[in-house]
Amino acid sequence: MRVTDQHLEALNRRFEGASPDDILRFVHSTFGERAALLSGMQRAGTALCFLADRARLAFDVLFVDTGVLHAETLWTRDSVARACPSLRVITLQPERSFAEQTREEGLLYVTREGQERCCDLRKTAPLSAMRGRYDAIVGALRRGEGGARSKIRTFELDPAMSALRIHPLAAMTQAELDALCEANPNLVVNPLHSMGFPTIGCFPCTTPVRPDEPARAGRWRHLAGVEYCGINPMDRGLRGDAIELDDRYAALFGA
Ligand code: SF4
């Protein structure tokens, strides 16, 4: 069946005010193994893993290892895999190593055009290779992050992945996220957050930020105007009109 933005309106209305737990349970019961969490192992992403595991919901967790991540982020991935027995952490990788890519194309991340290609090759492409495997990809984006994410809806369409994008934490504030982490010592938190990194990406393109700077000031600091990598199409303002899903979901959309 063809799922359009109109179908999503009713679904988003239905889950307005729903807790992340309720949304995760709904996703699990509806999509089962055709749903996966997507986490870069930043604070909200590991909180999402924690909530799913605490509810004993078996999900795959997709983690894209660009080959140039901080050791702390890889440690976080491994710690989440150990701490969350209900989850299966799957590491996706680009086709070429960073060294091979640099040998063949140069140091892409130092220019704006190169950064787009590098992020496409090392972040988006490994995820795109999973197209068709999942009908729902569950991310940790929050409206409270501001910028392009300030209007994120719980349910979105991702035509490139031919899947729904679902954001159970869309309405969660920074204070609520902090409180969740503080109240649960077994919720794994990437150590870089306590070293001045409010948000975390690849090490060539991520720096700590000063207390007076916006949270994302440390991302692509060397490139004016670049804020997002594109692994979440909504960050680039790409909102699809429709996706194709199996007819077994028809009742979900009132079709
Ligand atoms: S964040 Fe930087 S190093 Fe990582 S994929 Fe994007 S451009 Fe390449």
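None of the values given here were measured: they were computed from a predicted structure.

Digging into the site of the ligand
Stage number 1. Not every one of the 13 residues close to the ligand is listed here, only the nearest: Tyr109, Cys118, Cys119, Cys202 and Cys205.
Stage number 2. Residues belonging to the shell around the ligand are distributed by class as follows: eight nonpolar, three polar and two charged.

Some points on helix H2 (residues 20-31)
Stage number 1. The end-to-end C-alpha distance of H2, which contains 12 residues, comes to 16 Å, matching closely the 16 Å that a straight helix rising 1.5 Å per residue would cover.
Stage number 2. Those residues of H2 not exposed but buried are Pro20, Ile23, Leu24, Val27, His28 and Phe31. Looking straight down H2, one finds its buried side chains confined to an arc of 130°; they lie on one side.
Stage number 3. Contact partners of the buried residues in H2: strand E2 (35-38), helix H3 (43-54), strand E3 (59-64), strand E5 (136-138) and strand E7 (163-166).
Stage number 4. Phi turns positive, to about 50°, at Gly32, one or two residues after H2.

Notes on the pairing of strand E6 (residues 155-158)
Regular strands have side chains that alternate between both faces of the sheet.
Stage number 1. Here E6 shows no split at all, with Phe155 and Leu157 on one side and Glu156 and Asp158 on the other all buried.
Stage number 2. Joining the antiparallel neighbours E6 and E7 is a turn of four residues, in which Ser162 adopts a positive phi near 50°.

Topic: the sheet that holds strand E4 (residues 87-92)
Stage number 1. The sheet built from six strands is open, its strands ordered E4-E3-E2-E5-E7-E6 with mixed pairing. Every interior strand has two partners, whereas the edge strands, E4 and E6, have only one. Adjacent strand axes in the sheet meet at a mean angle of 30° when their direction is disregarded.
Stage number 2. Pairing analysis gives six bridges linking E3 to E4, with the strands arranged parallel. Paired with Leu62 across the strands is Ile90, a residue of E4.

What counts, and where the lines are drawn
Here the residue index of a chain counts from 1 through its sequence in written order. Thresholds applied to this predicted model are a pLDDT of at least 70 for local features of residues and 80 or more for the giving and counting of side-chain atom pairs; totals over whole chains, interfaces and linings are not thresholded and use all residues. To decide whether a residue is near a molecule or strand, its C-beta atom is placed from the backbone and checked for lying within 6 Å of it. Classes in brief: Ala, Val, Leu, Ile, Met, Phe, Trp, Tyr, Cys and Pro nonpolar; Asp, Glu, Lys and Arg charged; the others, Gly included, polar. Only DSSP runs of H or I covering at least 4 residues are called helices, and only runs of E covering at least 2 are called strands; the numbering of each starts at the N terminus. For a helix, the expected span equals 1.5 Å multiplied by the number of residues minus one. In this scheme every C-beta is placed from the backbone, and a residue whose C-beta has 20 or more other C-beta atoms within 10 Å is buried, one with 12 or fewer is exposed, and one in between is partly exposed. By construction, the arc corresponds to the directions joining the helix axis to the C-beta atoms. Here contacts are defined at the residue level, using C-beta atoms placed from the backbone and a cut-off of 7 Å between them. In this description, strands pair whenever DSSP reports at least two bridges between them. Orientation is described by axes fitted as lines to C-alpha atoms, over the contacting stretch for helices, and by angles from 0 to 180 degrees between their N-to-C directions.

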